[in-house]
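Observations on chain architecture
Listed below are the residues making up each chain.
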Amino acid sequence: VLKLYYAPRTCALASHIALEKSGGEYVAERVDFNSNGQRTPEYLRLNPKGRVPALATGRGVLTENPAILLYIAQSFPKSKLAPLDDPFALAQAQAFNSYMCSTVHIASAHRGRGYRWADDEQAIASMKRKVKQNMIDCFTLVENEMLRGPWVMGDAFSICDPYLFTMSGFLEGHGIDVNLFPKVAAQMSAMQADPAVQRVLTVQLS
Ligand SMILES: N[C@@H](CCC(=O)N[C@@H](CS)C(=O)NCC(=O)O)C(=O)O
């Protein structure tokens with residue numbers, strides 16, 4: 001059975017929600033970030049990156065949300081979490097998730113994890129000051145060019161939606177009101193109203 005390693009208030013929420021929506025069997029295992037559980041020898045054996053999410057499967061461990069999300073969609077095709085038989089639409093979904101992973105999430109991480117990119121305190125502080133504007137720029141692009149509405153890919157819910165929801169959840173921490181982006185805000189409300197999303201949040205935040 002699939003086992004998802006997660007920590008609350010992290011990007012692992014995206015994969016967790018997708019698993020819950022897939023209807024597939026899985027267990028969720030919390031990694032305690034307060035005690036640096038992601039850095040223990042046991043966890044590093046499982047995921048040498050020392051990050052969440054990680055998904056343990058019968059064939060080994062997968063990391064990186066875009067990979068895990070598509071794996072879930074392909075493993076549980078009945079849940080129709082991705083346009084699997086339309087190469088162009090699937091590539092568009094992957095482009096969206098790649099943007100979340102490589103640009104939006106990284107822009108966000110510069111607030112709390114600047115030490116990854118610089119040792120100099122002033123450089124870290126300077127990067128931090130730029131995060132809010134970078135996130136606003138990213139979400140302006142999502143709002144105007146990427147999110148079709150009501151869901152990311154249009155009428156069909158897909159693996160892009162939990163990922164966007166997870167990234168929009170980071171906005172408040174950056175002092176950004178999601179209502180600056182009406183389509184993003186509507187997608188967020190729709191996600192919050194979904195019982196599967198509520199189940200995952202209850203588990204994660206308990
Ligand atoms: N690109 C990775 C990012 C994974 C990642 O950076 N996860 C963060 C939480 S949002 C983490 O585990 N951080 C722990 C740390 O930096 O020690 C993905 O999308 O799965």
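Before any of the text, the structure's been laid out above.
The structure displayed is predicted, hence computed values, not measured ones.

1. Some details on the pattern of salt bridges
Per the stated rule, a full pass over the model turns up four salt bridges. In this structure, glutamate 29 and lysine 3 form a salt bridge, with 3.5 Å as the shortest nitrogen-oxygen distance. Separated by 26 residues along the polypeptide, glutamate 29 in strand E2 (residues 26-30) and lysine 3 in strand E1 (residues 2-6) bring together distant segments of the chain. For glutamate 29, a relative accessible area of 34% corresponds to the partly exposed category. Its salt-bridge partner being glutamate 20, residue arginine 199 comes within 2.5 Å of it at the nearest N-O pair. Taken together, the residues span a long stretch of sequence, with arginine 199 in helix H8 (residues 195-205) and glutamate 20 in helix H1 (residues 12-22) at a distance of 179 residues.

2. Quick word on the nonpolar core
Counting residues in hydrophobic clusters, the biggest one holds 64 residues, and the most contacted among them are Met100, Val104, Met135, Phe139, Val142, Leu164 and Met167. The leading source of residues in this core is helix H4 (residues 87-112), at nine residues. Once you skip the residues sitting within four places of it in the chain, methionine 135 turns out to touch Val104, Ala107, Ser108, Leu171, His174 and Ile176.

3. Looking at the site of the ligand
As a structural note, the neighbourhood of the ligand is formed by 15 residues, with Gln38, Arg51, Val52, Glu64 and Arg116 the closest of them. The side chain of arginine 116 places a nitrogen or oxygen atom 2.9 Å from an oxygen atom of the ligand. In the complex, the protein chains occlude 89% of the 520 Å² of accessible area that the ligand would expose alone. Of the residues belonging to the shell around the ligand, the class tally is six nonpolar, five polar and four charged.

4. Re the side chain of histidine 16
Following the sequence through the fold, histidine 16 ends up in helix H1. For histidine 16, a relative accessible area of 1% puts it in the buried group. Ignoring anything within four residues of it in the chain, the contact list for histidine 16 reads Leu4, Tyr6, Tyr26, Ala28, Val200, Val203 and Gln204.

5. Some points on the packing of helix H6 (residues 160-168) against helix H7 (residues 182-192)
Look at H6 against H7: their axes get within 10 Å of each other, and the N-to-C directions meet at 110°. The orientation of H6 with respect to H7, classified from their angle, is roughly perpendicular. On H7, the residues that touch Asp161, Pro162, Leu164, Phe165 and Ser168 of H6 are Val184, Gln187, Met188, Met191 and Gln192. For the contact of H6 with H7, the residue count by class is six nonpolar, three polar and one charged.

6. Some details on the packing of aromatic side chains
Counted according to the given criterion, the structure contains three aromatic pairs. Ring plane angle 65° and centroid distance 5.8 Å describe the contact between tyrosine 5 and tyrosine 43, whose orientation is recorded as edge-to-face. Of the two residues, tyrosine 5 sits in strand E1 while tyrosine 43 sits in helix H2 (residues 41-46), which places them 38 residues apart along the sequence. Residue tyrosine 43 is classed as buried on the basis of its relative accessible area of 6%. Between the NZ or CZ atom of lysine 21 and the centre of the ring of phenylalanine 157, over which it lies, the distance is 4.7 Å.

Calculation notes
Counting from 1, residues in each chain are numbered in the order their sequence is written. Restriction of local features to residues with pLDDT of at least 70 applies here, the model being predicted, together with a cutoff of 80 or more for giving and counting side-chain atom pairs; totals for whole chains, interfaces and linings are based on all residues. Excluded from the side-chain calculations are hydrogens and water; all other atoms, namely the structure's heavy atoms, are used. One side-chain nitrogen of Lys or Arg within 4 Å of one carboxyl oxygen of Asp or Glu is enough to make a salt bridge. Each helix corresponds to a stretch of at least 4 residues labelled H or I by DSSP, and each strand to a stretch of at least 2 residues labelled E; elements are numbered beginning at the N terminus. Exposure classes here rest on a 1.4 Å probe applied to the protein chains alone. A residue is buried below 20% of its type maximum, exposed above 50%, and partly exposed in between. What we call a nonpolar core is a set of buried Ala, Val, Leu, Ile, Met, Phe, Trp, Tyr and Cys residues that are connected through their side-chain atoms within 4.5 Å. Whether two residues are in contact is decided by their heavy atoms, any of which lying within 4.5 Å being enough. Neighbouring residues are identified by heavy atoms, a residue being near a molecule or strand if any of them is within 4 Å of it. Pairing of N or O atoms within 3.5 Å defines a polar contact, subject to two protein rules: one partner must be a possible hydrogen donor and the other a possible acceptor, and residues neighboring in sequence count only if both atoms are side-chain atoms. Here the accessible surface of atoms and residues is derived via Shrake-Rupley with a 1.4 Å probe, and residues count as covered only by protein chains that are part of the display. The nonpolar class holds Ala, Val, Leu, Ile, Met, Phe, Trp, Tyr, Cys and Pro. Asp, Glu, Lys and Arg form the charged class, and all remaining residues, Gly among them, are polar. Each axis is a line fitted through C-alpha atoms, and for a helix only the stretch in contact is used; angles between axes span 0 to 180 degrees, taken between their N-to-C directions. When describing relative orientation, an angle under 35 degrees is termed roughly parallel and one over 145 degrees roughly antiparallel, while 65 to 115 degrees is termed roughly perpendicular and anything else oblique. A pair of Phe, Tyr and Trp rings is counted when the ring centres sit within 6.5 Å of each other, with Trp represented by its six-membered ring. The angle between the planes then sorts it: under 30 degrees is stacked, over 60 is edge-to-face, the rest tilted. Cation placement over rings: the criterion is NZ of Lys or CZ of Arg within 6 Å of the ring centroid and within 35° of the ring normal.

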